[in-house]
Amino acid sequence: MSNGASVLPESAMSCRCPGCAGGVSPDAGVFALVNNLRDPRDPRGCQYPLGAVLLVALCAPACRFDSFRAMGQWAAAPGATLERLGLRRRGAFGLVKTPSSDTIRRVVNAVMPGGLEGLLRAFQDKARVVAVDGKCLRGSRDAAGQAVMVLGAMLQDGTLIAQQKVADKGSEITGFAALLAALELEDAVVVADALHTQREHARVLVEEFGAHYAFPVKRNQPELWKACRKVPWQGVRAAFRSTVRAHGRIDTRVVEVVSFDGLDFPYVRQVARITRYRTVQATGKRSRETVYVITDLPSGQADPQRIGEIVQAEWGIENKIHYVQDATFGEDASRIRTGHGPQNMATLRSVAMNFARTMGSSIADARRQLALAPHTAPLDLFGIPCDLHIRA
């Protein structure tokens, strides 16, 4: 399952509403997921369903209404839109009362993040390669200067399938297994940066999750790094070379792989040496970088080309996830910093990003397209039903 549409079962992909473009059964998809979350509020005095408020917080940022104040302005929508979200007409005049920006803020800050993150797990089917990396939500810094750190897991196409808060950069190590425990990882390959090249991570992946690993080795593991350098590379014949010209650069990668089980690391079967040569076309400046990678995959399952593709997934998380979150969704510029707000909004932005990838254009273009019809297009994209009285 590699795209946003896959969160909806086949039986719910078409709505019976005449002329409906994107509605689905309210018993499936995003609408059902948010409405099944535990409501942390005291039921006395609650005027709005939890799911309706969370859907506002999902739909509004998708079309560039990013702050809580902007979400409150987006919520002043036509009655038909509000009814699709789950709000009801009340009083003698049949008006729909809309949640204010303060109400949206209180709800988003109060909802427990674990349930909301289930929206991301709905995008996973049978993962083949999963990349893990952490990100600091810089705009969430509090008075003490502490910012929220989240650890995420991404598929090769850029779909984020899991996200979890960790205490700090060092806590990424302890959060690694907890993040992946909720995913179906049997026979999948997990890649991460050098911080996660840990013996315990390798054991957990192979012994408990039935998965494989491909971990880079850098100088933060000095003994392991020295051992990788001493592998007899001069006799290696299994190699793959690729060249890419883009962004004013010429990048060439040479991947050399040798079957080698002499390292002090659990389940290692192969060691790879990846040499990257870069030439800046405008200046002619050249550089070279060498990275070692260890994996439990045997040569029959991972030749040099395959290992290069697997490692590329970890390098791609910066461009496909972090850059998009910051440059397109303005995550670092967000000043949401209280309660569970930073983590929950990061999750909702990621859900919107996953769905936007299905629109066939860049995510920035997708957001602009959604902004042209802000009170209908996001609801259609997320599969929010047109008529809540209809059942599949």
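Residues numbered from 1 in each chain as written. Predicted model: local features only at pLDDT ≥ 70, side-chain atom pairs only at ≥ 80, totals over all residues. Heavy atoms only, no water.

1. What to know about the overall build of the chain
Phase 1: When you go through the chain residue by residue, the secondary structure sums to 14 helices and eleven strands.
Phase 2: Its C-alpha radius of gyration of 23 Å places the chain within 12% of the 21 Å reference for a compact globule of 392 residues.
Phase 3: Along the three orthogonal principal directions, the C-alpha set of the chain runs to about 85 × 45 × 40 Å.
Phase 4: For the chain, buried positions account for 51% of its 392 residues.
Phase 5: Excluding contacts between residues fewer than 6 apart, the proportion of contacts in the chain whose partners are at least 24 apart in sequence is 65%.
Phase 6: With 49 positive and 38 negative side-chain charges, the chain shows a separation of 6 Å between the mean positions of the two kinds. (Helix = DSSP H or I, 4+ residues; strand = E, 2+ residues; numbered from the N terminus. Rg over C-alpha atoms; globule rule 2.2 N^0.38 Å. Buried < 20%, exposed > 50% of the residue type's maximum accessible area, 1.4 Å probe, protein only. Contact = heavy atoms within 4.5 Å. Lys, Arg positive; Asp, Glu negative; His and termini not counted. Charge placed at Lys NZ, Arg CZ, Asp CG, Glu CD.)

2. Considerations on the sheet that holds strand β9 (residues 249–259)
Phase 1: Taking strand neighbours across the sheet as the criterion, the nine strands line up as β5-β4-β3-β6-β7-β11-β10-β9-β8 in an open arrangement whose pairing is mixed. Pairing within the sheet leaves two strands with one partner each, and these edge strands are β5 (160–166) and β8 (239–246). Between one strand axis and the next, the sheet turns through 20° on average, direction left out of account.
Phase 2: Note that strand β10 (residues 270–280) and strand β11 (residues 286–295) share ten bridges and pair antiparallel. From the neighbouring strand, Thr-279 faces β11, where its bridge partner is Arg-286. (Pairing = 2+ DSSP bridges. Axes fitted to C-alpha atoms, helices over the stretch in contact; angles between N-to-C directions.)

3. Some details on the confidence of the model for the chain
Phase 1: Averaged over all residues, the pLDDT of the chain equals 87, while 91% of them reach at least 70.
Phase 2: Low confidence marks residues 1–16, where pLDDT is under 50. Its contacts with residues over four positions away, or in another chain, come to 46 contacts.
Phase 3: Here residues 21–25 scores under 50 on pLDDT; set against residues more than four positions off or in separate chains, the count is 19 contacts. (pLDDT = per-residue confidence, 0-100.)

4. Here's the deal with empty space enclosed by the protein
Phase 1: This model, assessed by the stated rule, comprises two cavities of 30 Å³ or more.
Phase 2: Approximately 80 Å³ is the volume attributed to the largest cavity.
Phase 3: Every residue lining the largest cavity is counted, 14 residues in all, and those nearest its centre are Lys-135, Gln-163, Ile-321, His-322 and Gln-325.
Phase 4: Broken down by element, the residue count for the lining of the largest cavity peaks at four residues, all from helix α11 (residues 304–328).
Phase 5: The calculated volume of the second largest cavity comes to roughly 60 Å³.
Phase 6: Forming the walls of the second largest cavity are Leu-137, Gly-139, Ser-140, Glu-331, Ser-334, Ile-336, Pro-342 and Arg-349.
Phase 7: A per-class count over the lining of the second largest cavity returns three nonpolar, three polar and two charged. (1 Å grid on protein atoms, 1.4 Å probe; cavity = no way out; pocket = protein on both sides within 12 Å on 5 of 7 lines; lining within 4 Å. Points joined across faces, edges and corners; volume = space filled by probe spheres on them. Nonpolar A, V, L, I, M, F, W, Y, C, P; charged D, E, K, R; others polar.)

5. Quick notes on the side chain of Thr-295
Phase 1: Position of Thr-295 relative to the elements: it lies in strand β11.
Phase 2: A polar atom in the side chain of Thr-295 sits 3.1 Å from the backbone nitrogen of Leu-297.
Phase 3: Look past the residues within four positions of Thr-295 in its chain and what remains in contact with it is Tyr-213, Ala-214, Tyr-267, Val-268, Arg-269, Gln-270 and Ile-307. (Polar contact = N/O pair within 3.5 Å; in protein donor to acceptor, adjacent residues only side chain to side chain.)

6. Observations concerning the packing of helix α2 (residues 50–62) against helix α5 (residues 101–110)
Phase 1: It is at 10 Å that the axes of α2 and α5 come closest, and there the two elements cross at 100°. Classified by the angle between their axes, α2 and α5 sit roughly perpendicular to one another. Listed contacts from α5 to Leu-50, Val-53, Leu-54, Val-56 and Ala-57 of α2 are Thr-103, Ile-104, Val-107 and Val-108.
Phase 2: Classifying every residue of the contact of α2 with α5 by side-chain character gives eight nonpolar, one polar and no charged. (Parallel < 35°, antiparallel > 145°, perpendicular 65-115°, else oblique.)

7. Describing the pattern of salt bridges
Phase 1: As enumerated under the stated definition, the model contains 19 salt bridges in all.
Phase 2: Measuring nitrogen to oxygen at the nearest pair gives 2.9 Å for the salt bridge that ties Asp-326 to Lys-135. You can see Asp-326 sitting in helix α11 and its partner Lys-135 sitting in strand β3 (residues 129–137), a full 191 residues away along the chain.
Phase 3: Taking relative accessible area as the criterion, Asp-326 reaches 27% and is therefore assigned partly exposed.
Phase 4: Its relative accessible area of 7% is what places Lys-135 among the buried residues.
Phase 5: The residue Glu-309 makes a salt bridge to Arg-306 at a minimum N-O spacing of 3.9 Å. Of this pair, Glu-309 and Arg-306 both sit in helix α11, three residues apart, which is roughly one turn of the helix.
Phase 6: We classify Glu-309 as partly exposed; its relative accessible area is 36%.
Phase 7: Among the charged side chains, a network of salt bridges with common partners joins Lys-135, Arg-138, Asp-326, Glu-331, Asp-332 and Arg-349. (Salt bridge = Lys/Arg side-chain N within 4 Å of Asp/Glu carboxyl O.)

8. So, the UniProt feature "domain: H repeat-associated protein N-terminal" (unreviewed entry) in the chain
Phase 1: Per the UniProt record, "domain: H repeat-associated protein N-terminal" (unreviewed entry) is annotated on residues 35–122.
Phase 2: Secondary structure content for residues 35–122 is 52% helix and 5% strand, and the end C-alpha separation is 15 Å. (UniProt positions renumbered as here; feature names shortened; annotations may be inferred.)

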